[in-house]
Amino acid sequence: MKFLKLNCFRHFLSRSVYSDVYIFLLSIAISFVFYTVLFKNVFLFESAYFANINIGPRIARQEARNKLILLYTPFFGGRWVNDPTLGLARPTFKEGHATFKDCEVPTCVVTYNRSRLSEADAVGFHHRDMPRRLPSRNSPRQIWFYFVLENPLHVTMNTDGYAGVFNWTMSYRRESEIYTPYGKFTTLGEESEEYITGHELTGKDKQVAWLVSNCQASERMEYVMELQEYINISIYGLCGKRNACPLKRRSPLCNSLLRRHRFYLAFENGNCKEYITEKYWENAIGNDIVPIVMGGADYKALAIPNSYIDVEDFASPKHLADYLLYLDANDTAYKEYFFWKKLYQRVAPNRACTLCKQLHNESLLTSPKVYKNMARFWDRHQCKKLFF
């Protein structure tokens with residue numbers, strides 16, 4: 001009986017051990033299948049997996065390739081100009097990489113050497129410096145872009161509107177692939193407590209300033225002549241006191257003179273879609289002057305909120321003048337046009353950084369578009385007349 005019990009015990013123990021071993025081996029097999037599926041790229045040693053992890057000096061991270069940008073035409077006869085800061089300097093696009101070193105996406109290189117046309121990733125043409133004869137395109141994947149900052153009323157093109165030539169536009173229009181407006185603003189993370197600089201009222205002994213070089217824009221000239229009957233307007237530039245304020249943009253001498261005025265006529269030379277130039281951004285906002293705007297842009301969408309006075313809000317130049325005279329006599333009401341500094345800040349557009357970033361935007365490069373007729377995109381009919 002004892003022998004029988006001992007055999008039964010051994011049989012039970014043996015079955016128990018085999019069962020545990022079986023379960024253990026089964027668990028290993030299931031785990032192997034699971035992790036093989038989950039990390040198949042690792043087990044198969046696929047390069048795409050290792051390109052994105054740092055596993056030491058043996059495997060290097062894949063770096064983005066520099067994009068070569070050939071600036072084929074001049075920019076108003078000289079080197080292309082960038083706006084990386086709000087300072088007086090306007091540096092040019094330098095040959096090589098230096099222009100992009102501080103950009104979010106810095107992997108671009110500039111050249112003005114036309115002999116490198118075949119190797120360029122992008123080729124730039126400025127509207128005012130277009131050649132009579134365009135070069136031959138070497139690759140359908142090469143991006144040709146048309147750079148224009150003037151409104152359609154002052155841009156001329158060939159008879160077919162450069163049909164099928166350009167892939168991208170570089171302009172102040174938001175629908176351009178390379179959006180480069182004359183100015184921009186951002187929202188501050190926290191409200192600024194010291195938003196008044198002191199320039200808003202100090203030294204302002206004049207009422208209205210206007211710096212203008214195009215005397216042929218008849219609509220705005222007629223408006224100014226009538227407005228001048230009711231309020232003092234100092235006119236500088238080719239259409240006024242030529243020697244008092246030089247035409248060179250961001251001139252310290254000119255800026256000092258403009259800051260003596262409470263208002264600035266930021267009247268565009270064409271009332272065209274989204275066209276807001278340095279007249280608003282630099283001459284007025286940059287000099288702590290309240291801009292009076294006239295143009296075809298949606299100022300509520302593109303300009304700094306509550307920073308400007310729009311002529312379209314007044315029935316006539318006389319009504320506008322009455323309001324300006326009220327503000328001129330009321331410092332508290334006048335200073336309200338600078339409250340925007342508490343919430344927003346003006347920032348530099350930086351054309352170079354925007355260009356480089358877009359050249360690494362795969363959604364734009366996968367199947368590059370082609371403008372069938374640039375003249376239809378830059379159509380003068382998008383501009384409107386001013387009625388007053």
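Everything here concerns the structure above.
Residues numbered from 1 in each chain as written. Predicted model: local features only at pLDDT ≥ 70, side-chain atom pairs only at ≥ 80, totals over all residues. Heavy atoms only, no water.

This paragraph deals with the overall build of the protein. Secondary structure summary: the protein contains twelve helices and 13 strands in total. Counting all 388 residues of the protein, 44% fall into the buried class. As presented, the protein carries roughly 21900 Å² of accessible surface, and 54% of it is formed by carbon and sulfur atoms. (Helix = DSSP H or I, 4+ residues; strand = E, 2+ residues; numbered from the N terminus. Buried < 20%, exposed > 50% of the residue type's maximum accessible area, 1.4 Å probe, protein only. Areas by Shrake-Rupley, 256 points an atom, 1.4 Å probe, with all protein chains shown as cover.)

This part is about the nonpolar core. Trp80, Phe145, Phe166 and Tyr280 are the most contacted members of the largest nonpolar core, which has 74 residues in total. Counting residues per element, this core draws most heavily on strand E4 (residues 143–147), which supplies five residues. If you look at the next biggest cluster of nonpolar residues, it comprises 28 residues, including Tyr223, Ile309, Leu324 and Leu327. (Core = buried A, V, L, I, M, F, W, Y, C linked by side-chain atoms within 4.5 Å.)

We now examine the sheet that holds strand E9 (residues 233–236). Across the sheet, five strands lie side by side as E9-E8-E10-E11-E12; this open sheet has parallel pairing. With one partner strand each, in any of the chains shown, E9 and strand E12 (309–310) form the two edges of the open sheet. Contacts from helix H4 (residues 218–227) reach strand E8 (206–211), E9, strand E10 (261–267) and strand E11 (290–294) within the one sheet, and its direction differs from that of E10 by about 155 degrees. Docked against the sheet, helix H8 (residues 317–328) engages E8, E10, E11 and E12, running at close to 150 degrees with respect to E10. (Pairing = 2+ DSSP bridges. Contact = heavy atoms within 4.5 Å. Axes fitted to C-alpha atoms, helices over the stretch in contact; angles between N-to-C directions.)

Now for the pairing of E4. It is a general feature of regular strands that their side chains alternate between the two faces of the sheet. A large share of E4 lies buried, amounting to five of its five residues. Of the two faces of E4, both are covered, the one formed by Ile143, Phe145 and Phe147 as well as the one formed by Trp144 and Tyr146. Pairing of strand E3 (residues 122–126) with E4 involves five bridges; the strand directions are parallel. If you follow Ala122 over to E4, its bridge partner there is Ile143. As paired elements, E4 and strand E5 (residues 168–171) share three bridges and run parallel to each other. Residue pairing across strands places Phe147 opposite Met170, the latter belonging to E5.

What the rule picks out here adds up to three disulfides. With a sulfur-sulfur separation of 1.9 Å, Cys103 is cross-linked through a disulfide to Cys353. Every disulfide takes its handedness from the sign of the S-S torsion; for Cys103 and Cys353 that torsion is -85 degrees, giving left-handed. Placement of the pair is Cys103 in the loop between strand E1 (67–71) and strand E2 (108–111) and Cys353 in helix H10 (residues 351–358), with a sequence separation of 250 residues. Overall, Cys103 belongs to the buried group, its relative accessible area being 8%. (Disulfide = S-S within 2.5 Å.)

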